[in-house]
Amino acid sequence: MKNAIELSHDILPHAVPNYWSTMQTYPLHEEVDAVVIGTGAGGAPLLARLAQAGMKVVALEAGPRFSPFDDFATDEKSQAKLFWRHERLSAGQDPLAFGNNNSGTGVGGSTLHFTAYVPRPHENDLKVKTEFGRGEDWPFSYAELEPYLSEVEQFIGVSGPSSYPWGASRSKSYPLPPLDLNRAAQYMQKGCDRLGIRTSPAANAALSKDFTVKGVGQRPACNRRGFCQAGCNNGAKSSTDMTYLPLAVVHRAEIRDHSYVTEFELSKDKRTMTGVVYKRGGKTYRQKCRAVFLAAGGIETPRLLLLNSLANSSGQLGRNFMAHPGSEVWGEFPDKDEPWRGIPGALISEDFHRAPKAEYETGYLLQSIGVMPVTYVSQKVRGEKLWGEKLKAHMRQYPFVAGINMLGDCYPSSENFVELSDELDDRGLRKPRVHFTFGENEKRMMDHAEKKMRAIWEEAGARNIWTFKRGAHIIGTARMGHDADSCVVDPSGKAFDLENLYICDNSIFPSALSVNPALTIMALSLRTADHYLGRQS
Amino acid sequence: MDNRSLSKSALLERLQFDKMTPRTRAVLFARIEENNPAPQPKVLTAQEFAIARAVADVLIPQNDQPDWRVDLASDLDLRLSKTIGKGWRYDVLPPETEMYKSGLRIVDEMAQTKFQKSFCDLNLSEKTQVVEHIEKAREPVWVSKFFEELLAGFVEAYYAHPLTQASIGCTSMVDIRK
Ligand SMILES: Cc1cc2nc3c(=O)[nH]c(=O)nc-3n(C[C@H](O)[C@H](O)[C@H](O)COP(=O)(O)OP(=O)(O)OC[C@H]3O[C@@H](n4cnc5c(N)ncnc54)[C@H](O)[C@@H]3O)c2cc1C
Ligand code: SF4
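Just so it is clear, the model here is predicted, and its values are computed rather than measured.

A. Spotlight on the site of ligand 1. All names here are of chain A. Around ligand 1 sit 37 residues, and of these G42, E61, T105, S110 and A518 come closest. Between an oxygen atom of ligand 1 and a side-chain N or O atom of E61, the distance comes to 2.6 Å. Residue Y117 places a main-chain N or O atom 2.8 Å away from a nitrogen atom belonging to ligand 1. Those elements that place two or more of their residues in the shell around ligand 1 are β8 (260-266) and α13 (518-536). In terms of residue class, the shell around ligand 1 is made up of 15 nonpolar, 19 polar and three charged.

Quick look at the structure:
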């Protein structure tokens, strides 16, 4: 425990290496209380919670550990090291892009390259089946989730508005005031004002002021560098490597990087996991443990279990895959607005969550967006096949562009699922194939949102407006619920088929929600830890 | 303001290396020196490499750059030489290296069919016609996705280059801030 007090005086990014040099280590042959697989939004909060309760916990993370200030350049190409780049096959009518689009790796998981929007889910997001007769309800209510959402916001440092026009009331206001509105946000505000659409500064997991993470240390405010998706180099973004992971290490958790889990050891009756098998630097290791918490993300979680023929008596593993309809609308403005500056998603509108007389069910939100140059041009050419002089002329306008994007709920469909292909990846394991096609409701929602976003951009004075359609986030492949025949995990996150396997990441969402997922994943992670700890005592 | 014909030294000045964090400076400096002189291709054959370079010149003309070039064909070959790629692939496409090799061969065959010449021997207007043809082709089924990959790969490499970014007035990499 030696460094906990010393460390609290340090500014975190520079203190991170200290955590590692003093980190507790556990021998492989000693049975630890729990192994956590993955250190992103789902793995990290729970790792800290279990460690704080005095448990011996080891996290196994496939990706490397980074030291942001030394390792992160303000450059998209070299930061591709944050992407999960083991090949996935994208099938269906609306095949999804991965790599730079949908998932990350490293100590911190996808939160290393997430954009940091952290809106709360709505009460009715958890009850879509009751309301519309389609999709699924969550097995518990918003009221049960709220204290956890609040706890996460207070601990990691979320900057957000003091009053918010939409959603349920809050038990506590955001710990920090909202971040500045960048140009995209100002344009969106102007367009929405003229159309009578309400807006608010958005909640972001990035610091508007210097902030102390309780029990960990101080972090500096955001310097508006705008490269959040390529990794924050000063620790202002509240990724798990700046929040729950150092807290876990202070409480004697061990985090092993470059550790790729491939198999599990089981008791004779195959009802209990007794150890986890992983590869590190070409060697195979086995860690004995009393419980396993799987948080490898919406694709790697079902893939790992499918590869091992585990936890699938329901036949539902890999099914119910969902992605948020995430169309973006871009336009050029007269002034050089530098779309790479400032927190990318500074303004939000949730007026189209359950809009009266809407031609779609459920709902979506709108956010202003900044963008990095390579991400922007890549979308432009994939979407519009622009090349030659036209492309170069378009890109000379890049410093003048600004965008808005929608993010909407998605119904599960039997067409959309993750399966194992017969092709092997660079590690010799079967590649996942991901089938995805937007359903009718998602298409109606995207059409509605596109019209609104174009109207807002016209009012704001944009020219050369264009749309890029995409799906975002990887959700729902190990559904949580009461029924063991249609779900993979029970309402506490425990796999129905095993006594001591918990799944705790984006894969257990019964419905996609009409908001970005990371905040809810972190809240669920703490809730699962509490259920587990409750059962132990 | 027209940045089209700025020289390398003018662009370097615009980059303000002294106002970058050490890591950013090191990465971007290395990229400017990368592929100079051009390395021998490791994955593509000399012929495939020549076609790739000629197609890149049509997709992203660089003749307005007085004294600098981004070597897009070398970047492609380097990408293909790595065991880890971009993390996903359209299911309809063959594995990446195979796709590029077959796709570049299709480009050359198209040139032969239309003009009875190899793609590299065509003039600019003929090359442009062949590229337009490939863009619209529907046979084999994956060729439109091949075109998307080829284009996106070149474009990402081109616009990741600090000189290109400086030439369009993007100064995102100047990252020391108060
Ligand atoms: C570019 C981008 C922008 C985003 N923006 C936002 C946003 O603004 N707001 C928001 O809410 N969400 C956003 N997201 C999504 C958000 O980051 C994810 O939903 C969230 O991090 C998922 O959490 P997770 O625990 O399910 O998985 P992850 O965070 O992806 O963590 C999984 C971890 O498991 C590791 N792993 C996988 N397989 C193994 C194995 N076999 N052995 C060991 N380790 C393994 C991986 O390396 C990874 O570190 C964004 C994502 C991306 C990629
Ligand atoms: S904008 Fe703020 S949070 Fe995002 S990378 Fe920059 S400093 Fe970090």
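B. Structural view of the interface of chain A and chain B. Counting from both sides, the interface comprises 53 residues of chain A and, opposite them, 48 residues of chain B. The largest share of the area that chain A buries against chain B comes from R382, W387 and K392 of chain A, three residues that together contribute 19% of it. The tally of links from chain A across to chain B stands at 22 residue pairs in polar contact (both at pLDDT 80 or more). Residue composition of the side of chain A that touches chain B, by class: 22 nonpolar, nine polar and 22 charged. When strand β3 (residues 88-91) of chain A meets strand β1 (residues 88-90) of chain B, the two strands line up parallel, connected through three bridges. Across the sheet, residue S90 of chain A finds its bridge partner in β1 of chain B, namely Y90 of chain B.

C. Spatial organisation of the layout of surface pockets. Residues and elements named next belong to chain A. What the second largest pocket holds in volume is close to 410 Å³. What lines the second largest pocket is a set of 21 residues, among which A62, H86, H258, Y260 and R427 lie closest to the centre. Going through the elements one at a time, β8 and β9 (273-280) are the ones with two or more residues in the lining of the second largest pocket. No other element matches β8, which puts three residues into the lining of the second largest pocket. Broken down by class, the residue content of the lining of the second largest pocket amounts to eight nonpolar, seven polar and six charged.

D. Representation of the side chain of D490 of chain A in the model. Residues and elements named next belong to chain A. Looking at the secondary structure, you find D490 in the loop between β19 (471-475) and β20 (501-503). For the buried D490, which has no salt bridge, the nearest side chain bearing the opposite charge is R535, at an N-O separation of 4.4 Å. Side chain to side chain, D490 and S492 meet in a polar contact 2.7 Å long. Beyond its immediate stretch of four places on either side in the chain, D490 contacts M480, G481, F496 and R535.

E. Examining the domain arrangement of chain B more closely. Residues and elements named next belong to chain B. Taken domain by domain, chain B comprises domain 1 (1-35 + 163-178) and domain 2 (41-62 + 70-160). Each of domain 1 and domain 2 was reduced to a C-alpha centroid, and the two centroids are 28 Å apart. On the domain 2 side, the residues contacting the six residues of domain 1 number eight residues. For domain 1, the biggest contributors to the area lost against domain 2 are N35, T164 and Q165; these three give 69% of the whole. Here domain 1 and domain 2 share zero salt bridges between them. Taken together, the residues that form the side of domain 1 that touches domain 2 break down as one nonpolar, three polar and two charged.

F. View of the pattern of salt bridges. Residues and elements named next belong to chain A. Across all of its chains, the model carries 49 salt bridges over all chains by this definition. A salt bridge links E254 to R256; the shortest N-O distance between them is 2.8 Å. You'll find E254 and R256 in the same group, each marked buried. Salt-bridge contacts for R271 lead to E499; the nearest nitrogen and oxygen are separated by 3.0 Å. Within this pair, whereas R271 is found in the loop between β8 and β9, its partner E499 is found in the loop between β19 and β20, the two being separated by 228 residues in sequence. R271 sits in the partly exposed class, given a relative accessible area of 32%.

G. Representation of the packing of aromatic side chains within the structure. Within this structure, the stated rule accounts for 26 aromatic pairs over all chains. Aromatic side chains W88 of chain B and Y90 of chain B sit 5.0 Å apart centroid to centroid with 80° between the ring planes, which places their arrangement in the edge-to-face category. Looking at R319 of chain A, its charged tip hangs above the ring of F417 of chain A, at a distance of 4.5 Å from the centre. Its end group placed over the ring of W88 of chain B, K86 of chain B keeps NZ or CZ at 4.6 Å from the ring centre.

H. Structural detail: the state of the cysteines. Inspection of the entire model under this criterion finds zero disulfides over all chains. Cysteine C170 of chain B shares no disulfide, and the gap to the nearest cysteine sulfur, in C228 of chain A, comes to 15 Å. Taking the relative accessible area as the measure of exposure, C170 of chain B reaches 0% and is therefore buried.

I. Here's a closer look at the sheet that holds strand β12 (residues 328-332) of chain A. Residue and element names in this part refer to chain A. Pairing is antiparallel across the open sheet formed by six strands, whose spatial order is β4-β13-β14-β15-β12-β18. If you trace the sheet from one side to the other, it starts and ends with β4 (200-201) and β18 (463-468), each paired once. Those strands touched by helix α7 (residues 183-195) are β13 (347-349), β14 (364-369) and β15 (401-408), and its axis lies near 130° from that of β14. Packing of helix α12 (residues 440-460) onto the sheet brings it into contact with β12, β14, β15 and β18, and relative to β15 it is tilted by some 150°.

J. Structural context of the sheet that holds strand β16 (residues 417-424) of chain A. Here four strands make up an open sheet; going across it, the order is β16(A)-β17(A)-β3(A)-β1(B) and the pairing mixed. Strand pairing shows two members of the sheet lacking a second neighbour, β16 of chain A together with β1 of chain B, which therefore form its edges. Strand after strand, the sheet turns through a mean of 30° between neighbouring axes, direction not considered. In this sheet, strand β17 (residues 430-435) of chain A lies alongside β3 of chain A in parallel orientation, the contact comprising three bridges. Within the sheet, the bridge partner assigned to S90 of chain A lies in β17 of chain A and is V434 of chain A.

K. View of the nonpolar core. Core analysis: the biggest nonpolar cluster contains 221 residues, and L50, Y244, F264 and W457 of chain A together with L59 and F119 of chain B have the highest contact counts within it. With 11 residues, the top contributor of residues to this core is helix α7 (residues 143-159) of chain B. Three or more residues apiece are contributed to this core by two domains, here domain 1 (1-35 + 163-178) and domain 2 (41-62 + 70-160) of chain B. Those residues in contact with F264 of chain A that lie beyond four places of it in its chain are I37, M273, G275, V276, V277, V292, L304, L305, N308 and L310 of chain A.

L. Expanded view of the packing of helix α11 (residues 388-396) of chain A against α7 of chain B. Across the interface, α11 of chain A lies against α7 of chain B with an axial gap of 13 Å and an inter-helix angle of 40°. Judged on the interaxial angle alone, α7 of chain B and α11 of chain A are oblique. Considering how the two elements wind past one another, α11 of chain A and α7 of chain B form a crossing that is right-handed. Here α11 of chain A contributes L391, K392 and M395 of chain A to the contact with α7 of chain B, which in turn contributes V155, Y158 and Y159 of chain B. Classifying every residue of the contact of α11 of chain A with α7 of chain B by side-chain character gives five nonpolar, no polar and one charged.

Cut-off values and rules
Residues numbered from 1 in each chain as written. Chains lettered and ligands numbered in written order. Predicted model: local features only at pLDDT ≥ 70, side-chain atom pairs only at ≥ 80, totals over all residues. Heavy atoms only, no water. Near = heavy atom within 4 Å. Polar contact = N/O pair within 3.5 Å; in protein donor to acceptor, adjacent residues only side chain to side chain. Helix = DSSP H or I, 4+ residues; strand = E, 2+ residues; numbered from the N terminus. Nonpolar A, V, L, I, M, F, W, Y, C, P; charged D, E, K, R; others polar. Contact = heavy atoms within 4.5 Å. Buried area = accessible area lost by both parts, 1.4 Å probe. Pairing = 2+ DSSP bridges. 1 Å grid on protein atoms, 1.4 Å probe; cavity = no way out; pocket = protein on both sides within 12 Å on 5 of 7 lines; lining within 4 Å. Points joined across faces, edges and corners; volume = space filled by probe spheres on them. Buried < 20%, exposed > 50% of the residue type's maximum accessible area, 1.4 Å probe, protein only. Lys, Arg positive; Asp, Glu negative; His and termini not counted. Salt bridge = Lys/Arg side-chain N within 4 Å of Asp/Glu carboxyl O. Domains from an automatic or database assignment. Phe/Tyr/Trp six-rings, centres within 6.5 Å; stacked < 30°, edge-to-face > 60°. Lys NZ or Arg CZ within 6 Å of the ring centre and 35° of its normal. Disulfide = S-S within 2.5 Å. Axes fitted to C-alpha atoms, helices over the stretch in contact; angles between N-to-C directions. Core = buried A, V, L, I, M, F, W, Y, C linked by side-chain atoms within 4.5 Å. Parallel < 35°, antiparallel > 145°, perpendicular 65-115°, else oblique. Left-handed = near helix turned anticlockwise from the far one by under 90°.

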